[in-house]
Amino acid sequence: MLLPDAPVIHLPASDTLPGEDAPASPANIGHRVTALRRLRALSGDAKGAKPVVVTSGEAAARRYQQPEAFDAAPPLIRAGDAIDPESFSAQAVANGYFADDRIDEPGEIAVRGEVIDLFPADAGGPVRIDIANGKISAIHHFDPVTQMRGEACDELEIGRAAEPEEAADATLLDHLSPGIVLFSPQAEKRRKRFVRLAERMAKEMKIEVGAVSDERWTEALKDWRTESDIDHEDGSVIEAVPRFAESKSTARAVKRFLAAEREAGRGIALIGSERDLRFLRVRLKEVLPAAHEITDIRAIENSENSGVALIAAPLDRGARNKQLTLIAAADILGTRASLQQGLAAAQPVGLGGAEMRIGDLVIHESHGFAEVLGLEPAPDGEGEVIALKYADDDRRLVPVRDAGLLWRYGGDSDSVKLDKLEGKSWNKRRAAIDNAVAETATSLIALAEERAKLEASVMEPDGAAYERFVAGFPYTETADQARAIAEVREDLAAGKPMERLIIGDVGYGKTEVALRAAAIAALSGYQVIVAAPTTVLARQHLDEFTRRFSDTGVKVAGLSRLSSAAEKKQVQEGLADGSIGVVVGTAAVVGSSVTYAKLGLVVIDEEQRFGAADKAKLRGNKSVHLLVMSATPIPRTLHRAMIGLQQVSIIATPPARRQPIRTTVSQLDDATIRLALRREKARRGQSFVVVPRIADLADMREMLERLVPDLTLLEAHGKLPGAELDEVMINFASGKSDILLATNIIETGLDVPRANTMLIWRSDRFGLAQLHQLRGRVGRGRRRGQVILATANEEISEATQKRLRTLATFDQLGSGFAIAGADLDQRGGGDILSDAQAGHMKLIGVELYQHLLEGALRRARGEEQRKWQPEIRTGAAGGFPPEWIPEEEVRLNLYVRLARLKDREELQAFEAELLDRFGTLPDAASALIDRARLTMLAIEMDIRAVNAGPAAIAFTPLQEKGAALKAQGLVPSDGRWLAKDGAPFDDPAAAAVSVLEALAEGD
């Protein structure tokens, strides 16, 4: 953005390691092939601008195909081009694409009649290609989550999802004309390390070395100028500009600095978002009298204007050299700066509902548990019905208009039995559940009213002191992280007790949110508790909090079972007299002998690891602010958040350069263990080997010593003395061992960026949240992590297989919330208002429980409840024809969604989605949509029955509506109102919709 006309090309490293059999991801291949293809095209333009290539040490170490291998232009399609869907799909598959039913990842293609969905491997999002009469009628981008289309594009270049087949025997520099090469401090080290790894793996696996040797790299580099050459030529040194936001008077600090820079003859540019630049132009108008906007940083050197140039671009810190000074808006505004042009809307908290599949258990609201057999043609030949199997192999056919009565059961199918179709058991259970849910709803409303009366401390710290604290964070906040921080800050200043849940994967920045909250509280004069479930995690937090608060004047102390008696006494005295502002520890921070002078905030990290009694103590005073953090909150906590008992912030944005963790489920064999551990050692990394029980450690240690005798080994488990356990963890984190053999005690609190491989033995004996937490221990640096979920050679239950499949499926970044939702779905949430582990959610599933609870809450508030359903008779029932939507489960879930829509606005959006995803609606689909719209209008206008035929349409109102119906030209007849036309109605249902729409508009 600073050099808008310059060709800036990002060439990422491959996301595979030397010796791996699996290919790189399609997105990674697509970006690399496109970058190299673009370099090839630019090399033939002698008069064009020289490219700027941004890459890494690992990418520089790779061997590449010769430049001419990238001569072939990728397929290009345009609106108006002739296209044959089958041939196009075959060509895409030949280029590395994968044919799928639904498109949500790069390198996938789906062909559905006259609609082709394609996710180009080198693009940021998928496209939808509409076909009419054998030609492309339109190309649109679309959202892979909502499946709704966005902006149109006239043409599309489809990047390859597979590498060229030619031999890779060239260096990266062979693709470029000699120029300047700049290395970051670690880039050359990483290049050499990658070369050593490739050589080691080639020797062990007897394969060709997949990297450029040091000798060949040096030879290729000889015609290039390096950074040291440039420094020697002009003596230019780059240095940071001051952080003005930390000054007592920001405006005066900026004014003095700008005056000095002008005196030194430097060109000056202020860079930030458009919003921040507008604000600063007004706020600092006396300091920036001659500010002017530019789009290219090179314009400053050629400008005679001595004022400050304004450039709209994301920049988190400024810098200067001999000729130029760049000031970031964030240098002046601090945390109030917006590096993004606008944060996306926060994620809604709730389960969108897992899709219903054939073979799933469902609950029919009136008939209980059944198994979904699938869709069948309706007995009358009109559309489809949903076939359900009950006990004794009884079947029930459910019209698709009643699909909303079916609720998926996500729990263990072995724990429930199918109901008898004509039995009374379900009715009795349903009555008991309804009564219990009604009691819960009444209690929830009383609890909400009680909480609304509570007051809490208003926390507003000194701005300059807070900005100085924030400056200690060396990274740029992700969008979700920035939003969570802003929400916490608003909560703490609101005067009401905060109870916020922060959900975010391991390593996604929850601790920084806690640090900001603690700083706001401590700098406002209040004490803070930071509670962690283990001494290891408490020690890690203590080190970080101590470092960050070191220059603030706030004293930080630790308190846990490892603290000596003298230390405990000293800390307790400091907390009692207020001299200690932040205490970090285990549940000992709320021991019986601990008192606080002015407690204002409690932070609970990894709350799922605390027992109920400890959590109750920590939550303690309801007027104290509470911040709870978890990667995978327990089902009850997540459920409390979903129904609004506590605020929620979701951090789903991964840190920069964080990669998904490759997760596989397999039976264990010697070759797999040896290869995984040796490969990690070869790239100077470390590995975890995790077992479910302490009793399993000896056998696993013996196996490891036999398979990898040259690798060093440490052990960690819960029976080690606290000091010894701490020493083991610290030694491993500092790189003093290749492998840490441990139980799940390492689930939290260990941050080892070099650890990228984990083997979990007997993974079937771990819980879903445990496995996700363990997986979060690897891949915390810039390398891709690998987790092998190993099982024994024995049969495991379907529920366990489902748990492991869930973890393998949700292997993308930020999947902790999805996994927590799946855990809630499979286990239930317990009782919301008590510590009981079993609850009605477990009995009937999450989705039906939420539906019943929402209805009970409305009744408890006294809201009017509709107890009738209109009777609609229009002839054709309608449906989604299989030739239009071939996938049976897709049609099934669309029927369920349609039946659950609440109003005409949602129906209109649903109809637009159908058109968007599957093309023009056939008559049967239009009839089904019209029937749904007619039902909504009838409810809206209190029409009890609609009978529509070619000769007339009869409306039966629930109450007197004579004048309004007469105004629409309807004629009364035996308690009904008739609409007639001179000729028969071609589409009675559509005509009935028109009458009721006119009635609604005139109402």
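Small disclaimer: the values here were computed from a predicted structure and weren't measured.

Caption draft 1: Expanded view of a negative patch on the surface. Taken together, the side chains of D392, D393, D394 and E422 make up a negatively charged region of the molecular surface. Structurally, D394 is set in the loop between strand 23 (384-389) and strand 24 (395-399). By relative accessible area, D394 is classed as partly exposed at 33%.

Caption draft 2: Representation of the packing of aromatic side chains in the model. In this structure the tally under the stated criterion is nine aromatic pairs. For the ring pair F469 and F549, a centre distance of 4.7 Å and an interplane angle of 50° mean the geometry is tilted. You can see F469 sitting in helix 12 (residues 463-470) and its partner F549 sitting in the loop between helix 15 (535-548) and strand 28 (556-559), a full 80 residues away along the chain. A single burial state applies to F469 and to F549, both of which are buried. Sitting over the face of the ring of F469, R548 holds its NZ or CZ atom 4.7 Å from the ring centroid. A cation over an aromatic ring shows up here: K598 above the ring of Y526, its NZ or CZ 4.5 Å from the ring centre.

Caption draft 3: Representation of the sheet that holds strand 15 (residues 239-240) in the model. Read across the sheet, six strands follow the order 15-19-20-16-18-17 without closing on themselves; strand pairing throughout is mixed. Where the open sheet ends on each side, the last strands, each with one partner, are strand 15 and strand 17 (292-293). The pairing of strand 17 with strand 18 (residues 309-312) spans two bridges and is classified as parallel. Among the inter-strand pairings, E293 is bridged to a residue of strand 18, identified as L310. This element, helix 7 (residues 250-263), spans strand 16 (267-272), strand 19 (319-320) and strand 20 (324-328) of the sheet and lies at about 160° to strand 20.

Caption draft 4: The nonpolar core, seen in detail. Core analysis: the biggest nonpolar cluster contains 34 residues, and F545, F549, V582, L601 and L627 have the highest contact counts within it. Per-element tally for this core: the top contributor is helix 14 (residues 510-523), with nine residues. If we skip the residues at most four places from it in the chain, V582 touches A522, V528, V530, F545, F549, V554, K555, V556 and A557.

Caption draft 5: Broad picture of the sheet that holds strand 43 (residues 976-980). Taking strand neighbours across the sheet as the criterion, the five strands line up as 39-40-41-43-42 in an open arrangement whose pairing is mixed. Sheet topology places strand 39 (871-873) and strand 42 (971-973) at the edges, where each strand pairs with a single neighbour. For this sheet, the mean angle separating the axes of adjacent strands, direction not counted, is 25°. Of the strand pairs in this sheet, strand 42 and strand 43 are connected by three bridges, and their pairing is antiparallel. Each residue of the ladder has a partner; that of V971, found in strand 43, is L978. On top of the sheet, helix 29 (residues 923-940) reaches strand 39 and strand 40 (943-948); it is set at about 145° to strand 39, its chief contact.

Caption draft 6: Structural context of the pairing of strand 9 (residues 135-142). Here strand 8 (residues 127-132) pairs with strand 9 via six bridges, running antiparallel. Among the inter-strand pairings, I129 is bridged to a residue of strand 9, identified as I139. Between the antiparallel neighbours strand 8 and strand 9 lie two residues, among them N133 with a positive phi of about 55°. Inspection of the sheet shows strand 9 paired to strand 10 (residues 149-152) by two bridges, in the antiparallel sense. In the strand pairing of strand 10, F142 is matched with R149.

Caption draft 7: Summary view of the confidence of the model for the protein chain. When the pLDDT values of the protein chain are averaged, the result is 82; 85% of them are 70 or greater. Segment residues 340-352 is flagged for pLDDT under 50; beyond a separation of four residues in sequence, or across chains, it makes 23 contacts in the model. Low confidence marks residues 810-839, where pLDDT is under 50. Its contacts with residues over four positions away, or in another chain, come to 104 contacts.

Caption draft 8: Quick peek at unusual backbone geometry. Even without being a glycine, D393 presents a positive backbone phi close to 60°. Within the secondary structure layout, D393 lies in the loop between strand 23 and strand 24. You will see that D942, though not glycine, has its phi angle at about 55°, which is positive. Summarising the element assignment, D942 is placed in the loop between helix 29 and strand 40. The exposure class of D942 is partly exposed, given its relative accessible area of 22%.

Rules behind the numbers
- Residues numbered from 1 in each chain as written.
- Predicted model: local features only at pLDDT ≥ 70, side-chain atom pairs only at ≥ 80, totals over all residues.
- Heavy atoms only, no water.
- Patch = residues over 30% accessible without salt bridge, like charges linked within 9 Å, V, L, I, M, F, W, Y side chains within 5 Å.
- Areas by Shrake-Rupley, 256 points an atom, 1.4 Å probe, with all protein chains shown as cover.
- Salt bridge = Lys/Arg side-chain N within 4 Å of Asp/Glu carboxyl O.
- Lys, Arg positive; Asp, Glu negative; His and termini not counted.
- Charge placed at Lys NZ, Arg CZ, Asp CG, Glu CD.
- Helix = DSSP H or I, 4+ residues; strand = E, 2+ residues; numbered from the N terminus.
- Buried < 20%, exposed > 50% of the residue type's maximum accessible area, 1.4 Å probe, protein only.
- Phe/Tyr/Trp six-rings, centres within 6.5 Å; stacked < 30°, edge-to-face > 60°.
- Lys NZ or Arg CZ within 6 Å of the ring centre and 35° of its normal.
- Pairing = 2+ DSSP bridges.
- Contact = heavy atoms within 4.5 Å.
- Axes fitted to C-alpha atoms, helices over the stretch in contact; angles between N-to-C directions.
- Core = buried A, V, L, I, M, F, W, Y, C linked by side-chain atoms within 4.5 Å.
- pLDDT = per-residue confidence, 0-100.

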